[in-house]
Amino acid sequence: QVQLVESGGGLVQAGDSLTLSCAASGETFDLGMGWFRQAPGKEREFVATINWNGGTTHYAQSVRGRFTISRDHAKDTTYLQMNSLMPEDTAVYYCAADLEGYYSGSSLVSEYDFWGQGTQFTVSS
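Reference entry: report on the structure contained in this document.

Rules behind the numbers
- Residues numbered from 1 in each chain as written.
- Predicted model: local features only at pLDDT ≥ 70, side-chain atom pairs only at ≥ 80, totals over all residues.
- Heavy atoms only, no water.
- Buried < 20%, exposed > 50% of the residue type's maximum accessible area, 1.4 Å probe, protein only.
- Helix = DSSP H or I, 4+ residues; strand = E, 2+ residues; numbered from the N terminus.
- Pairing = 2+ DSSP bridges.
- Phe/Tyr/Trp six-rings, centres within 6.5 Å; stacked < 30°, edge-to-face > 60°.
- Lys, Arg positive; Asp, Glu negative; His and termini not counted.
- Salt bridge = Lys/Arg side-chain N within 4 Å of Asp/Glu carboxyl O.
- Polar contact = N/O pair within 3.5 Å; in protein donor to acceptor, adjacent residues only side chain to side chain.
- Contact = heavy atoms within 4.5 Å.

Let us now look at the pairing of strand 5 (residues 45-50). A large share of strand 5 lies buried, amounting to 5 of its 6 residues. Two strands pair when backbone bridges link them, and strand 4 (residues 32-38) and strand 5 are joined in this way by 5 bridges, in the antiparallel orientation. Following the sheet pairing, Met33 is matched in strand 5 by Ile50. The loop that links strand 4 with its antiparallel partner strand 5 comprises 6 residues; one of these, Gly41, has a positive phi angle of about 75°. Note that strand 5 and strand 6 (residues 57-59) share 3 bridges and pair antiparallel. Considered in strand 6, the bridge of Ile50 is made with Thr57.

Attention shifts here to the packing of aromatic side chains. Within this structure, the stated rule accounts for 9 aromatic pairs. Taking the centre distance of 5.0 Å and the plane angle of 80° together, the rings of Phe36 and Tyr112 count as edge-to-face. With Phe36 in strand 4 and Tyr112 in the loop between strand 9 (91-98) and strand 10 (114-115), this residue pair connects regions lying 76 residues apart in the sequence. Tyr112 matches Phe36 in its accessibility class, with the two residues each being buried. Pairing Trp52 with Tyr102 gives two aromatic rings, centres 5.1 Å apart and planes at 5°, and the pair type is stacked.

As a further point, take the pairing of strand 9. Among the 8 residues of strand 9, 7 are classified as buried, and the element is accordingly described as predominantly covered. Strand direction decides the pairing type here: strand 4 and strand 9, joined by 7 bridges, are antiparallel. Each residue of the ladder has a partner; that of Gly32, found in strand 9, is Asp98. Across 3 bridges, strand 9 lies against strand 11 (residues 119-124) in antiparallel orientation.

With that settled, consider the side chain of Asp98. Tracing the backbone shows Asp98 in strand 9. For the buried residue Asp98, which engages in no salt bridge, the nearest side chain bearing the opposite charge is Arg71, 9.6 Å off. A polar contact of 2.9 Å, which involves the side chain of Asp98, links it to the backbone nitrogen of Glu100. Excluding residues within four positions of it along the chain, Asp98 makes contact with Leu31, Gly32, Gly105, Ser106, Glu111, Tyr112 and Asp113.

Once that is clear, we can look at the environment of Tyr93. As for its placement among the helices and strands, Tyr93 is situated in strand 9. The class of Tyr93 is buried, set by a relative accessible area of 0%. When sequence neighbours within four positions are dropped, the list of residues in contact with Tyr93 reads Glu6, Leu20, Trp35, Phe36, Arg37, Val47, Phe67, Leu80, Met82, Gly118, Thr119 and Phe121. A distance of 3.0 Å separates polar atoms of two side chains, one belonging to Tyr93 and the other to Arg37. Of the polar contacts made by the side chain of Tyr93, one reaches the backbone oxygen of Asp89; its length is 2.6 Å.

Right under this line is the structure:
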């Protein structure tokens, strides 16, 4: 069993940077990890994913070049570094673990097996 806890959300201004963290308990060493977000009234959408060793990452078009996903096995933590933030980045951000994501994490919500509770993040204009 894997438990995930996100942190780092809050209120920032457009153009600011922020890093979200996802602390894991349980065995996540060889799992793919992903970040998703859900804005009010919208479906949960893919943001970024990373494979077991960080060698393969994928990003949604809307965040490519601004967001960076990384992981630290020693701390069992996955990060989402976010730069040049925009109001449309406002959402609840979720961390998730993919049991089949050893080589490459998925962009599909349905492929993830464990989820965190989410952290709210708001960008003001």
